[in-house]
Amino acid sequence: MAKQRGHIKYTGTLGEVRHFKIKGNKGFYAGLVGGPTAEQIKTAPGFVRTRENMSEFAACAMAGKSVRIGLSSLMRQMSDSRLAGRLTGIMKKINIEDGSEARGQRAVLVSQQPQYLKGLDFNRNLSFNGIFAAPFALTANVDRNETELTVAAFNPLNSINIPSGATHFRLINAISLVSDFVYNSTTGAYEPSDPNLNEASQIEFSAYIPVNTTTAPINLTATLAGSPSIPTTVAVLGSVGIEFYQQVGTEYFIFKQGNAMKIQDIF
């Protein structure tokens, strides 16, 4: 794949060369038109490995999407444009850890390989630890359906990288569920092992806290609706975040910059 550097910028096909843009990347790209047909990929013996890879890639994409859907109300201000691809890549790492199934049918066992997701910043250009430096703890109850974020009193001016113009901030405690994804030999497709729990979530916000005064101790508890019983085939994601605001009169307006969130732990 080539990258255009000249002054002529366009998309589409010219002769046998296709020109296009890639979301999140600068510039224009080019590649040759052609390749195998869809029917060849689906049926030809020479594309067995391709079909296996496509099947597992679809499962990884679904598992990554479940992470985003569970926290969908926060994604616009917290994620970068490449998060979906990064999550699919992480799920692929988890996928290849499964040695119990044949290629093309290996499961995405998030519950058994939590280390790949733990510590993930939803915006690769903005680390939560680089924004928020006050000591805190995130714990889960024994049933794994509730998490508690505790933060001792601290001075925001010393412990937070505050964007210019922000007057207040809010801390976030988010609990969300991601089921393992397994291959169904009857349907020939991947499915969540626990569809009723997959993507369930609860998000709690602190009060609006001034950036120029020492805080009181903060305790934020996020409890899943109905306090469900969670099987071992479901991973519980504990995410923490921070949002910045500017107060104008009695209204608070969220900033576009500075907001950050990460998966702190998986229970």
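The structure this text deals with has already been given above.
About the criteria used
Residues numbered from 1 in each chain as written. Predicted model: local features only at pLDDT ≥ 70, side-chain atom pairs only at ≥ 80, totals over all residues. Heavy atoms only, no water. Helix = DSSP H or I, 4+ residues; strand = E, 2+ residues; numbered from the N terminus. Buried < 20%, exposed > 50% of the residue type's maximum accessible area, 1.4 Å probe, protein only. Contact = heavy atoms within 4.5 Å. Areas by Shrake-Rupley, 256 points an atom, 1.4 Å probe, with all protein chains shown as cover. Pairing = 2+ DSSP bridges. Expected span 1.5 Å × (residues − 1). Arc of directions from axis to C-beta. Axes fitted to C-alpha atoms, helices over the stretch in contact; angles between N-to-C directions. Core = buried A, V, L, I, M, F, W, Y, C linked by side-chain atoms within 4.5 Å. Polar contact = N/O pair within 3.5 Å; in protein donor to acceptor, adjacent residues only side chain to side chain.

**Student:** Help me understand the overall build of the protein chain, please; the structure alone is not making it clear to me.
**Tutor:** Helix and strand content of the protein chain: six helices and 15 strands. Of all 267 residues assigned to the protein chain, the portion counted as buried reaches 40%. In the protein chain, of all internal contacts separated by at least 6 residues, the share reaching a separation of at least 24 is 68%. For the protein chain, the exposed surface amounts to about 14100 Å²; the carbon and sulfur share of it is 52%.

**Student:** Hey, could you run me through the pairing of strand β8 (residues 181-184) in this one?
**Tutor:** As a general feature of sheets, a regular strand has side chains that alternate between the two faces. Across four bridges, the pairing between β8 and strand β9 (residues 189-192) is antiparallel. Considered in β9, the bridge of Asn 184 is made with Ala 189. The loop that links β8 with its antiparallel partner β9 comprises four residues; one of these, Gly 188, has a positive phi angle of about 70°.

**Student:** What exactly am I supposed to notice about the environment of Leu 157 here?
**Tutor:** Along the chain, Leu 157 falls in helix α6 (residues 156-159). Each residue touching Leu 157, except ones within four places of it in the same chain, is listed here: Ile 162, Val 211 and Asn 212.

**Student:** Whenever I open this one, helix α4 (residues 83-95) confuses me. Can you help?
**Tutor:** One turn of an α-helix holds 3.6 residues; hence residues three or four places apart share an orientation. For α4, spanning 13 residues, the distance from its first C-alpha to its last is 18 Å, which sits close to the expected 18 Å at 1.5 Å a residue. Where α4 is concerned, the buried positions are Leu 83, Leu 87, Thr 88, Ile 90, Met 91, Ile 94 and Asn 95. What you see down the axis of α4 is that its buried residues fit within an arc of 160°, all on one side.

**Student:** Explain the sheet that holds strand β12 (residues 218-223) here, please?
**Tutor:** The strands making up a sheet associate through backbone hydrogen bonding, with each pair oriented either parallel or antiparallel. Strand order across the open sheet formed by three strands is β5-β6-β12, with antiparallel pairing between neighbours. In the strand order of this sheet, the two ends are held by β5 (136-140) and β12, each with one partner. Strand-to-strand, the axes of this sheet are offset by a mean angle of 15°, without reference to chain direction. Across five bridges, the pairing between β5 and strand β6 (residues 146-151) is antiparallel. Within β6, the position partnered with Ala 137 by the bridge is Thr 150.

**Student:** Looking at this model, I keep getting lost on the nonpolar core. Mind explaining?
**Tutor:** Across soluble globular proteins, nonpolar side chains show a tendency to be buried alongside one another. Formed by 29 residues in total, the largest nonpolar core has its most connected members in Met 91, Val 108, Val 110, Leu 117 and Phe 122. Here this core takes five residues from α4, the largest share from any one element. Setting aside residues no more than four positions away along its own chain, Val 110 makes contact with Met 91, Ile 94, Leu 117, Val 178, Ser 179, Asp 180 and Ala 235.

**Student:** It is not clear to me how the side chain of Arg 170 should be interpreted in this structure. Could you clarify?
**Tutor:** Along the chain, Arg 170 turns up in strand β7 (residues 168-179). Taking the relative accessible area as the measure of exposure, Arg 170 reaches 15% and is therefore buried. Within the structure, Arg 170 has its side chain in polar contact with the side chain of Tyr 245 (distance 2.8 Å). Look past the residues within four positions of Arg 170 in its chain and what remains in contact with it is Phe 205, Ser 206, Ala 207, Tyr 208, Gly 241, Ile 242, Glu 243 and Tyr 245.

**Student:** Help me understand the environment of Asp 194, please; the structure alone is not making it clear to me.
**Tutor:** Position of Asp 194 relative to the elements: it lies in the loop between β9 and β10 (201-205). Take Asp 194: its relative accessible area is 18%, and that puts it in the buried class. Sequence-wise, Asp 194 and Val 178 are 16 residues apart; in three dimensions their C-alpha atoms are separated by 8.8 Å. A polar atom in the side chain of Asp 194 sits 3.1 Å from the side chain of Ser 193.

That's the geometry; what it means functionally is another story.
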